[in-house]
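Here is how the chains run, residue by residue.
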Amino acid sequence: MGCARDIVEECGVARFLFSDFPLGNPCGKPWDTRMQRSIVESALDLLDRAWMPRTTVQTPFYWDNDGWRDTFMRVDDGNREALARAGEERRRRQAELKAQR
Amino acid sequence: MDHYQPYRSFVSYIDRSREYYAAQGYTRPYTWARHDAVPFAPLPKPLSECRVGLVTTAGRTGADGAIGIGPFKRELYAAPSEPPPERLFTDDLFWDKQATHTDDVDSFLPVNRLAECAASGRIGSASPRFYGVPTDYSQSRTLQRSAPRILEWCREDCVDAVLLAGL
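> Outline the overall build of chain B, supporting the account with residue identities and numerical values.
Helix and strand counts for chain B come out as three helices and five strands. Taken along the three principal axes of its C-alpha coordinates, chain B extends 50 × 50 × 35 Å. Evaluated residue by residue, chain B yields a buried proportion of 41% over its 167 residues. Taken as two groups, the 19 positive and 21 negative side-chain charges of chain B have centres that lie 6 Å from each other.

Written out as structure tokens, the structure is:
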């Protein structure tokens, strides 16, 4: 069960139940028990009925809006400098932690 | 809504993350696993007789664990399904923190939903434990260390099939 379709399909798995949601809730929206139940049931169906590897099934659910598709990990002129600084900072922190080991 | 568009609708995380990390100054892009041959096994018996387990990429705790350094440490673990966990640690994983949240464990580890499937007879039983596998940038560690350990735990728990949900 997952939301990163390209990563899973490139890797190749026996069975893949894809929900076209932002990353974080591959088994249904938080607190939506009916949707979660439906997704688990679909995953069980897929376990039972698939007959060959790389079988992908997409659940019929959609997120409330599509804004997340463009905003997640977005790189543009508005954040390019901040991202470069964040990368520098992360590498510095990792080097520090490594030195402490 | 039915409509036409000149691009695919689902997000390519391979493209998106490559550009994102390049903007952070990482010069070598991550190389994703790609397998030409993919194994497949049909269920060994009817689903209503199978014991089903769950695998998650979420962690039990913030910084404890065996893989990585400091706050980047992640742990390989098996934990009881009953009582179901009320929270798991996901802060260190790369999911869309603007669009959603992980306060409801069943939205990424359907431990209660699977127990309901066992109660209704849809599956034989749910595994008494669920299994946590760290998101590890090392594919060889995932293949050689994490996967065999998860398989061992599944065998100890007499699991016939697992559902893996990655954050």
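From this point, things continue past the structure.
> I'd like a description of the environment of Met35 of chain A, backed by residues and values.
Residues and elements named next belong to chain A. Here Met35 is to be found in helix α2 (residues 33-49). Under the relative-accessibility criterion, Met35 is labelled buried at 7%. Here Met35 is in contact with Phe21, Gly28, Lys29 and Phe61, once residues within four sequence places are set aside.

> Requested: an account of the interface of chain A and chain B, with residues and values cited.
Counting from both sides, the interface comprises 61 residues of chain A and, opposite them, 61 residues of chain B. Between chain A and chain B lies a buried interface of about 5300 Å² when both sides are counted; carbon and sulfur atoms form 64% of it. On the chain A side of the contact with chain B, Leu44, Phe72 and Met73 of chain A bury the most area, a combined 13% of that side's loss. Viewed at the interface, chain B and chain A are joined by four salt bridges. Of the charged contacts in the structure, one is a salt bridge between Arg37 of chain A and Glu116 of chain B, with a shortest N-O distance of 3.5 Å.

> Now, about the nonpolar core: what can you tell me, with residues and values included?
In terms of nonpolar packing, the biggest core is built from 48 residues, with Met1 and Leu44 of chain A together with Leu88, Leu109 and Leu163 of chain B touching the most fellow members. Of all the secondary structure elements, the ones that give two or more residues to this core are α2 of chain A together with α1 (13-23), β1 (51-56), β2 (77-80), α2 (111-119) and β5 (161-165) of chain B. For this core, the element with the highest residue contribution is α2 of chain A, accounting for seven residues. Both domains that furnish three or more residues to this core are identified here as domain 1 (1-64) and domain 2 (65-101) of chain A. Among all residues touching Leu44 of chain A, those that are not within four sequence positions of it are Leu47, Val52, Cys117, Arg122, Ile123 and Leu163 of chain B. Grouped together as the second largest cluster of nonpolar side chains are nine residues, Leu76, Tyr131, Ile150 and Val159 of chain B included.

> Can you explain the packing of α2 of chain A against α2 of chain B? Please cite residues and give values.
Between α2 of chain A and α2 of chain B, the shortest axis-to-axis distance is 9 Å and the interhelical angle comes to 65°. Relative to α2 of chain B, the crossing made by α2 of chain A is right-handed. In this structure, α2 of chain A uses Thr33, Gln36, Arg37, Val40, Glu41 and Leu44 of chain A to contact α2 of chain B, whose residues at the interface are Arg113, Leu114, Glu116 and Cys117 of chain B.

> Run through the side chain of Ser138 of chain B, naming residues and quoting values.
Residue and element names in this part refer to chain B. Positionally, Ser138 belongs in the loop between β4 (129-132) and α3 (139-156). On the accessibility criterion, Ser138 (18% relative accessible area) is buried. Within the local environment of Ser138, its side chain forms a polar contact with the side chain of Ser140, the two groups lying 3.3 Å apart. Within the local environment of Ser138, its side chain forms a polar contact with the backbone nitrogen of Arg141, the two atoms lying 3.0 Å apart.

> I'd like a rundown of unusual backbone geometry, residues and numbers included.
The omega torsion across Glu82 of chain B and Pro83 of chain B is 0°, close enough to zero to call that bond cis. In this structure, Arg54 of chain A is a non-glycine residue whose phi angle is positive, near 65°. Among the secondary structure elements, Arg54 of chain A is positioned in the loop between α2 and β2 (55-62).

Conventions we followed
- Residues numbered from 1 in each chain as written.
- Chains lettered and ligands numbered in written order.
- Predicted model: local features only at pLDDT ≥ 70, side-chain atom pairs only at ≥ 80, totals over all residues.
- Heavy atoms only, no water.
- Helix = DSSP H or I, 4+ residues; strand = E, 2+ residues; numbered from the N terminus.
- Buried < 20%, exposed > 50% of the residue type's maximum accessible area, 1.4 Å probe, protein only.
- Lys, Arg positive; Asp, Glu negative; His and termini not counted.
- Charge placed at Lys NZ, Arg CZ, Asp CG, Glu CD.
- Contact = heavy atoms within 4.5 Å.
- Buried area = accessible area lost by both parts, 1.4 Å probe.
- Salt bridge = Lys/Arg side-chain N within 4 Å of Asp/Glu carboxyl O.
- Core = buried A, V, L, I, M, F, W, Y, C linked by side-chain atoms within 4.5 Å.
- Domains from an automatic or database assignment.
- Axes fitted to C-alpha atoms, helices over the stretch in contact; angles between N-to-C directions.
- Left-handed = near helix turned anticlockwise from the far one by under 90°.
- Polar contact = N/O pair within 3.5 Å; in protein donor to acceptor, adjacent residues only side chain to side chain.

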